[in-house]
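These are the residues of each chain, in order.
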Amino acid sequence: MLYKSFLLLSVFAVACYGQSRVPVYVYYESLCPDSAKFVNDQLYPVATSKEFKQYMELHLVPFGKSSYATKGSDVTFECHHGENECYGNKVHACAIEHIQGNSYQPEMSRENLTLEYVNCLMERAQFKDGPFPLKVCAEKVKIDQADAIEKCAAENEGSILLKKYGDATNKLQQPLKSVPTVAFKQTYDEELQKLSVSSFRHALCKNLSPQPVACLDLPGSASTISSFAAIITAAALFIARLF
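For clarity, every value in this text was computed on a predicted model and none was experimentally measured.

Draft legend 1. Focus on the sheet that holds strand E1 (residues 22-28). The strand order across the open sheet built from three strands is E2-E1-E5, with neighbouring strands paired in mixed fashion. Taken across any chain shown, the strands that pair with only one partner, and hence form the sheet edges, are strand E2 (56-62) and strand E5 (181-184). Ignoring which end each strand starts from, the neighbouring axes of this sheet average 20 degrees apart. Inspection of the sheet shows E1 paired to E2 by seven bridges, in the parallel sense. Within the sheet, the bridge partner assigned to Val22 lies in E2 and is Met56.

Draft legend 2. Seen up close, the side chain of Ser66. Inspection of the secondary structure assignment puts Ser66 in the loop between E2 and strand E3 (67-71). At 2.7 Å, the side chain of Ser66 forms a polar contact with the backbone oxygen of Phe63. Once residues lying within four places of it in the same chain are set aside, the contact partners of Ser66 are Glu29, Glu78, Cys79, His80 and Asn89.

Draft legend 3. Region of interest: the packing of aromatic side chains. Inspection of every chain in the model, using the stated rule, returns five aromatic pairs. Considering the side-chain rings of Tyr87 and Phe132, the 6.0 Å spacing of their centres and the 85 degrees angle between planes classify their relative orientation as edge-to-face. Placement of the pair is Tyr87 in helix H3 (residues 83-98) and Phe132 in the loop between helix H4 (110-124) and helix H5 (134-141), with a sequence separation of 45 residues. The exposure class of Phe132 is buried, given its relative accessible area of 18%. Grouped by ring-pair contacts, the aromatic residues Phe38, Phe184 and Phe200 constitute a single cluster.

Scoring rules and cut-offs
Residues numbered from 1 in each chain as written. Predicted model: local features only at pLDDT ≥ 70, side-chain atom pairs only at ≥ 80, totals over all residues. Heavy atoms only, no water. Pairing = 2+ DSSP bridges. Helix = DSSP H or I, 4+ residues; strand = E, 2+ residues; numbered from the N terminus. Axes fitted to C-alpha atoms, helices over the stretch in contact; angles between N-to-C directions. Polar contact = N/O pair within 3.5 Å; in protein donor to acceptor, adjacent residues only side chain to side chain. Contact = heavy atoms within 4.5 Å. Phe/Tyr/Trp six-rings, centres within 6.5 Å; stacked < 30°, edge-to-face > 60°. Buried < 20%, exposed > 50% of the residue type's maximum accessible area, 1.4 Å probe, protein only.

Put into structure tokens, the structure is as follows:
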């Protein structure tokens, strides 16, 4: 009975007070096996689930342990997994810039399509044979911007965008200690980093308050009693405001 009341009050508190979206920054590399494993197995399932997608503000940062040098208006890159990864990182940067959503179909928003496309790229790019899967994934995800992405990646625009992500990465940590790196609210935390790569769902829940019901079955979640007390207090405050 206590647990059922707890769940009902959890829903009540979230409904009354709302739950702001938590900024999640993912710093990764296009040809990094660990990045692919994280995106495909951890990030994508959580970020596309109906239980959690509404609580995330996702920022993808494709640069990783790369470096760049400028000479005049030219930018040259050295990437962790070689020249092909520099091209792949530019494809990701250009996709984030150019993919457009469908305003008539909410499920095909810019954010959703970008994540679907990046997930496909990370999955297929690990197969080393053949060209980078720019167009294959565009067909699979049904985006219309493949030509724009390809043009961007081959020209100066791609370099400018990738440099921007390099600056964002270096601002967090130079160089990154590990790839991928996950930073909530653009702040690096070593314990959350370790937890994110093993259980992103768990790490996300630690950054949500009040926690949605989907978080309550996780090991290490706030105890039932303390959470119950917090939600009772929140509910009481809300009711008091009505009078």
